[in-house]
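One letter stands for each residue in the lines below.
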Amino acid sequence: AYSAVFKCTPVIGNLLVSCFTSFGILIIPYAFQTALHEMRLDAAEIWLHLVYKLTMLSLFAFVLNFIRELIKDMQDRQQDQSENCISTAVYFGVENTKRIAFGFYLVLLILQCLVAYPIKETVHWIYYCLLMASPSVLILYFMIAFYREWPLPLLSKLIKVFMLSGLLFWCLLK
């Protein structure tokens, strides 16, 4: 149903898939609604930190997934075009779709700076550098160094790895 309806609708399908992924993370608080309500009353600082972590994780999931969806659209552009499917890459063209993806990647880098700024503990800095900064710099390198011809399959895989390493980072962050 998704592919039939939204794949051929520029940007909308990409946004929906990204929203579903990020909203999936935000379902966690509803599963533990009673315990979280008690935590909010008894340990407001811990509750606030948990809300911050879940919100930031959800934002990262949304932005990374949106970028990956755009990359997949660029990969499938010729097939989509031959099937008269007006995906984002078909509608805007590959170059403009790359610009959109790169713009969202810059937003992700800004989010990362906001996450890194309050980190005080050395071990958390190590986690950040290994699990967040390293993958993001590697992806940025491939986006810039190969701007004329992005290695789309590689970027898609690197973003998947970044999603996993980012999830691990958020789980390790206290």
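The residue count restarts for each chain, going from 1 along the sequence in the order it is written. Residue-level local features of this predicted model are given only where pLDDT is at least 70; pairs of side-chain atoms are given and counted only at 80 or more, and the full residue set underlies all totals for whole chains, interfaces and linings. In computing side-chain values, all of the structure's heavy atoms are included and hydrogens and water are not.

S.K.: Help me get a handle on unusual backbone geometry, residues and values and all.
M.R.: Glycine aside, residues mostly have negative phi, and peptide bonds are mostly found in the trans state. Phi is positive for Val11, close to 70°, though the residue is something other than glycine. Here Asn84, not a glycine, exhibits a phi torsion of approximately 55°, which is positive. Each helix corresponds to a stretch of at least 4 residues labelled H or I by DSSP, and each strand to a stretch of at least 2 residues labelled E; elements are numbered beginning at the N terminus. Secondary-structure assignment places Asn84 in the loop between helix 6 (77-82) and helix 7 (88-92). Each residue is assigned to one of three classes by its accessible area relative to the maximum for its type, calculated with a 1.4 Å probe on protein chains only: buried under 20%, partly exposed between the two thresholds, exposed over 50%. Here Asn84 falls in the exposed class, since its relative accessible area comes to 68%.

S.K.: Please provide a residue-by-residue account of the packing of helix 8 (residues 94-116) against helix 9 (residues 122-145), values included.
M.R.: Interhelical geometry of helix 8 versus helix 9 gives an angle of 160° and a closest axis separation of 12 Å. When the interaxial angle is binned, helix 8 and helix 9 end up roughly antiparallel. Between helix 8 and helix 9 lies a crossing whose hand is left-handed. Residues Phe102, Tyr105, Leu109, Gln112, Cys113 and Ala116 of helix 8 form the contact with helix 9, whose own contacting residues are Trp125, Tyr128, Met132, Ala133, Pro135, Ser136, Ile139, Leu140, Met143 and Ile144. Taken together, the residues that form the contact of helix 8 with helix 9 break down as 14 nonpolar, two polar and no charged. Axis geometry follows a simple rule: fit a line to the C-alpha atoms, using only the stretch in contact for helices, then measure angles between N-to-C directions, giving values from 0 to 180 degrees. In these notes the angle categories are as follows: under 35 degrees is roughly parallel, over 145 is roughly antiparallel, 65 to 115 is roughly perpendicular, and the rest is oblique. It is the rotation of the near helix from the far one that decides the hand of a crossing: anticlockwise by less than a right angle makes it left-handed, clockwise makes it right-handed. Contacts between residues were defined by any pair of non-hydrogen atoms, one from each residue, lying within 4.5 Å. Any residue that is not Ala, Val, Leu, Ile, Met, Phe, Trp, Tyr, Cys, Pro, Asp, Glu, Lys or Arg is counted as polar, Gly included; the first ten are nonpolar and the last four charged.

S.K.: For the environment of Ala116, give the residues involved together with the corresponding values.
M.R.: Within the secondary structure, Ala116 is located in helix 8. Remark: the alpha-carbon pair of Ala116 and Cys129, spanning 13 residues in sequence, is separated by 9.3 Å.

S.K.: Give a description of the packing of helix 8 against helix 10 (residues 152-172) that names residues and reports values.
M.R.: Relative orientation of the contacting elements helix 8 and helix 10 amounts to 20°, with a least axis distance of 14 Å. When the axis of helix 8 is compared with that of helix 10, the two are roughly parallel. In the crossing of helix 8 with helix 10, the sense of the turn from one axis to the other is left-handed. Here helix 8 contributes Tyr105, Leu108, Gln112 and Val115 to the contact with helix 10, which in turn contributes Phe162, Phe169 and Trp170.

Taken by themselves, the reported measurements are silent on function.
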